[in-house]
Amino acid sequence: MVQYSIIKNEPIFIIHQRAYSETSQILNLFSRNHGRIDVIAKGSKRPKSKFKSFIQPFLPLNASWSGRSQLKTLRDIEAADHHQSLIQPDQFLSALYMNELILHFLSNADPYPGLYLIYYKTLKEFSSFDNHEPLLRVFEFKLLEEIGYAINFETEALSTQMIDLDGHYRYVPEQGFHSVSKDSKIKKYTGKQISSIQAMNFSSKEIMLAAKILARETIQFHLDGKELMTKKMYKSINRS
């Protein structure tokens, strides 16, 4: 007889939630040791549910669940420390963007402990920086690395030739950086920009912009034409 798998007191964040019935919800969790896990929180919409006050994003939680299928049953959930969100209202879109990337790209039940720690660290660091862009770039490149889409910053595409700091390159997702002439009219990156991005050194606006474009190109390619909700929200805010 197949036994239920029971996970107890696992550190998690709630990435997304949706209604399952009049009284229950399905929660997408990002856990430290088990990766992305989907659970049903039975009765969580009832006023006296023990789950109700804990079902919110960006709050460090400990959760217990069980089940044989991909959709687990939430057994218990509680605040890991103080019952308080790690982010402020003006950080919501940046944090929601990370949640969307996790939801779209992480396979169910595959562990990503390194990415979990960066996610947790990034949420805590949002309040210490007015500009969230460098934090988001680190998270994006780490996520791409964790899911097998790491960018090769060392050598030219389809070659063992090392990236030249004085060279110029066009970027092709899933291939890498192709050498081009300095006078080429196509969008390109310098070897120094590539080296700085690899080192996560975003000390200048030029490198920061190059890193943003590079991350956007790669993520958009792997989204296969889908547009993230947060991107639509950013566009709407900028138009208003």
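### Re the packing of aromatic side chains
And then number 1: In total, this model carries twelve aromatic pairs according to the counting rule given.
And then number 2: An angle of 80 degrees between the planes, with centres 6.0 Å apart, marks the rings of Phe-177 and Tyr-189 as edge-to-face. Remark: Tyr-189 occurs in strand β8 (residues 189-190) and Phe-177 occurs in strand β7 (residues 176-180); sequence separation between them is twelve residues. Each member of the pair, Phe-177 as well as Tyr-189, carries the same accessibility label: buried.
And then number 3: Taken together, Phe-13, Phe-30, Tyr-116, Tyr-119, Tyr-120 and Phe-139 form an aromatic cluster joined through their ring pairs.
And then number 4: Just above the ring of Tyr-120 sits the side chain of Lys-124; from NZ or CZ to the centre is 4.7 Å.
And then number 5: Its end group placed over the ring of Tyr-97, Lys-231 keeps NZ or CZ at 4.8 Å from the ring centre.

### Here we look at the sheet that holds strand β3 (residues 35-41)
And then number 1: Taking strand neighbours around the barrel as the criterion, the five strands line up as β1-β2-β3-β5-β4 in a closed arrangement whose pairing is mixed. Strand-to-strand twist of the sheet, defined as the mean angle between neighbouring strand axes without regard to direction, takes the value 55 degrees.
And then number 2: Here β3 pairs with strand β5 (residues 71-79) via three bridges, running parallel. Counterpart to Ile-40 in the pairing with β5 is Thr-73.
And then number 3: Across the face of the sheet, helix α1 (residues 92-105) comes into contact with β1 (5-19), β2 (25-31) and β3 while running at roughly 110 degrees to β1.
And then number 4: Those strands touched by helix α2 (residues 113-125) are β1 and β2, and its axis lies near 55 degrees from that of β1.

### Brief notes about the sheet that holds β8
And then number 1: Pairing within the open sheet is antiparallel, and its three strands lie in the order β7-β6-β8. On the outer flanks of this sheet lie β7 and β8, each paired with one strand and no other.
And then number 2: Pairing between strand β6 (residues 168-172) and β8: two bridges, direction antiparallel. Its bridge partner being in β8, Tyr-169 is matched across the sheet by Tyr-189.

### Topic: the pattern of salt bridges
And then number 1: Counted under the stated rule, the structure contains eight salt bridges.
And then number 2: The closest approach of N and O atoms between Lys-142 and Glu-146, which form a salt bridge, is 3.2 Å. Here Lys-142 and its partner Glu-146 are both found in helix α3 (residues 133-146), four residues apart, which amounts to about one turn of the helix.
And then number 3: Judged by relative accessible area, Lys-142 falls into the buried class, the value being 19%.
And then number 4: For Glu-146, a relative accessible area of 27% translates into the label partly exposed.
And then number 5: Put simply, Glu-133, Arg-137, Glu-140 and Lys-212 are held in one network by salt bridges that share partners.

Definitions and cut-offs
- Residues numbered from 1 in each chain as written.
- Predicted model: local features only at pLDDT ≥ 70, side-chain atom pairs only at ≥ 80, totals over all residues.
- Heavy atoms only, no water.
- Phe/Tyr/Trp six-rings, centres within 6.5 Å; stacked < 30°, edge-to-face > 60°.
- Helix = DSSP H or I, 4+ residues; strand = E, 2+ residues; numbered from the N terminus.
- Buried < 20%, exposed > 50% of the residue type's maximum accessible area, 1.4 Å probe, protein only.
- Lys NZ or Arg CZ within 6 Å of the ring centre and 35° of its normal.
- Pairing = 2+ DSSP bridges.
- Axes fitted to C-alpha atoms, helices over the stretch in contact; angles between N-to-C directions.
- Contact = heavy atoms within 4.5 Å.
- Salt bridge = Lys/Arg side-chain N within 4 Å of Asp/Glu carboxyl O.

So yeah, pure geometry; function would need other evidence.
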